[in-house]
Amino acid sequence: MELARVEGTVVSTVKADRLIGYKLLLVNLLGPDTTATDNYLVAVDNVGAGAGEVVIVVRGSSARQSKGLADVPTDTSIVAIVDSIELKGKVVFRKSDPEKKAAAKK
Amino acid sequence: MKLGRVLGKVWATVKDPQLDGVKLYLMQPVDENDEPLGRPIVAADTVSSNFGDLVFWVSGAEATFALAEKRIPSDASIVGLVDRLDVAI
């Protein structure tokens, strides 16, 4: 699995029938400290991820093992939204909480 | 299976329900001399490894079989801790 940041949505009208109803997102693969590698992939979103979020993508045939995707022609699926990352004992990423931010502004 | 060195941990609340209870680690794939191979990846952990441990992991579709009780959506799963590595040649 790899870390990635959601950088956009992919809109497609003409697509494989088995892909109908699934959200396709454009993701940029990240290094462990969440620096972008500029390797872009189109991924089926299975967790409701949004733009800017750091996520975990599964690649290859394992991507179809995610819930409900057994018959979907995908080789890249988003299976988790990352809260925080600890690297060598240090927290290198923490998801910002919009509610907490709003409270801090007040 | 390949060798890897555990670098850290990833937390995620919102995730595929099949990943509930599965620990996710940052891991650097390494060669037999402990030299890094490529970029660190996220791996599902089935053996309770710790930061700094040398482990072996399985990649690809076979990684979904790492847990006995269920199949998990994983393309990299840590399946063992390396106690000792004897490189003969």
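Caption draft 1: The arrangement of the overall build of chain A in detail. Secondary structure assignment for chain A yields one helix and seven strands. Reading chain A from its N terminus to its C terminus gives the helix and strand order β-β-β-β-β-β-β-α. Reported as C-alpha extents along the three principal axes, the dimensions of chain A are approximately 45 × 35 × 25 Å. Within the span of chain A, comprising 106 residues, buried residues form 33% of the whole. Contacts spanning at least 24 positions in sequence make up 50% of the contacts within chain A whose residues lie at least 6 apart.

Caption draft 2: Geometry of the interface of chain B and chain A. Taken together, the 31 residues of chain B in the interface contact 28 residues of chain A. Partitioned by chemical class, the residues of the side of chain B that touches chain A number 19 nonpolar, six polar and six charged. With four bridges joining them, strand E6 (residues 84-87) of chain A and strand E1 (residues 2-11) of chain B adopt antiparallel strand pairing. Residue Ser 84 of chain A lies in a different strand from E1 of chain B, and its bridge partner there is Trp 11 of chain B.

Caption draft 3: Molecular detail of the nonpolar core. Grouped together as the largest cluster of nonpolar side chains are 45 residues, with contacts concentrated most on Val 55, Ile 56 and Val 82 of chain A together with Ala 43 of chain B. Among the elements that line this core, the one with the most residues is strand E4 (residues 54-59) of chain A, at five residues. Apart from residues no more than four positions distant in its own chain, Val 55 of chain A is found in contact with Ala 4, Val 6, Val 27, Ala 49, Ile 78, Ala 80, Ile 81 and Val 82 of chain A.

Caption draft 4: Spotlight on the pairing of strand E4 (residues 54-59) of chain B. Residue and element names in this part refer to chain B. For E1 and E4, the ladder comprises four bridges, and the chain directions are antiparallel. Each bridged residue has a counterpart across the sheet, and for Gly 4 the counterpart in E4 is Val 55. Both E4 and strand E5 (residues 76-81) contribute to a ladder of five bridges, which runs antiparallel. When the bridges of E5 are listed, Trp 57 appears paired with Ile 78.

Caption draft 5: Spotlight on the sheet that holds strand E3 (residues 36-45) of chain A. Residues and elements named next belong to chain A. Strands sit in the order E1-E2-E3-E5-E4 around a closed barrel of five strands; the barrel is mixed. In this sheet, neighbouring strand axes are inclined to one another by 55° on average, regardless of whether the strands run parallel or antiparallel. Note that strand E1 (residues 2-10) and strand E2 (residues 23-30) share six bridges and pair antiparallel. Looking across to E2, one finds that Ala 4 is bridged to Leu 29.

Caption draft 6: Spotlight on unusual backbone geometry. If you check the backbone angles, Asp 38 of chain A has positive phi at about 60° while not being a glycine. Following the sequence through the fold, Asp 38 of chain A ends up in strand E3. Among the residues examined, Asp 38 of chain A registers 7 C-beta atoms within 10 Å and is labelled exposed. At Asp 34 of chain B, a position not held by glycine, the phi torsion is positive, near 70°. Among the structural elements, Asp 34 of chain B can be located in the loop between strand E2 (23-30) and strand E3 (41-45).

Parameters at a glance
Residues numbered from 1 in each chain as written. Chains lettered and ligands numbered in written order. Predicted model: local features only at pLDDT ≥ 70, side-chain atom pairs only at ≥ 80, totals over all residues. Helix = DSSP H or I, 4+ residues; strand = E, 2+ residues; numbered from the N terminus. Buried ≥ 20, exposed ≤ 12 C-beta atoms within 10 Å, placed from the backbone. Contact = placed C-beta atoms within 7 Å. Nonpolar A, V, L, I, M, F, W, Y, C, P; charged D, E, K, R; others polar. Pairing = 2+ DSSP bridges. Core = buried A, V, L, I, M, F, W, Y, C linked by C-beta atoms within 7 Å. Axes fitted to C-alpha atoms, helices over the stretch in contact; angles between N-to-C directions.

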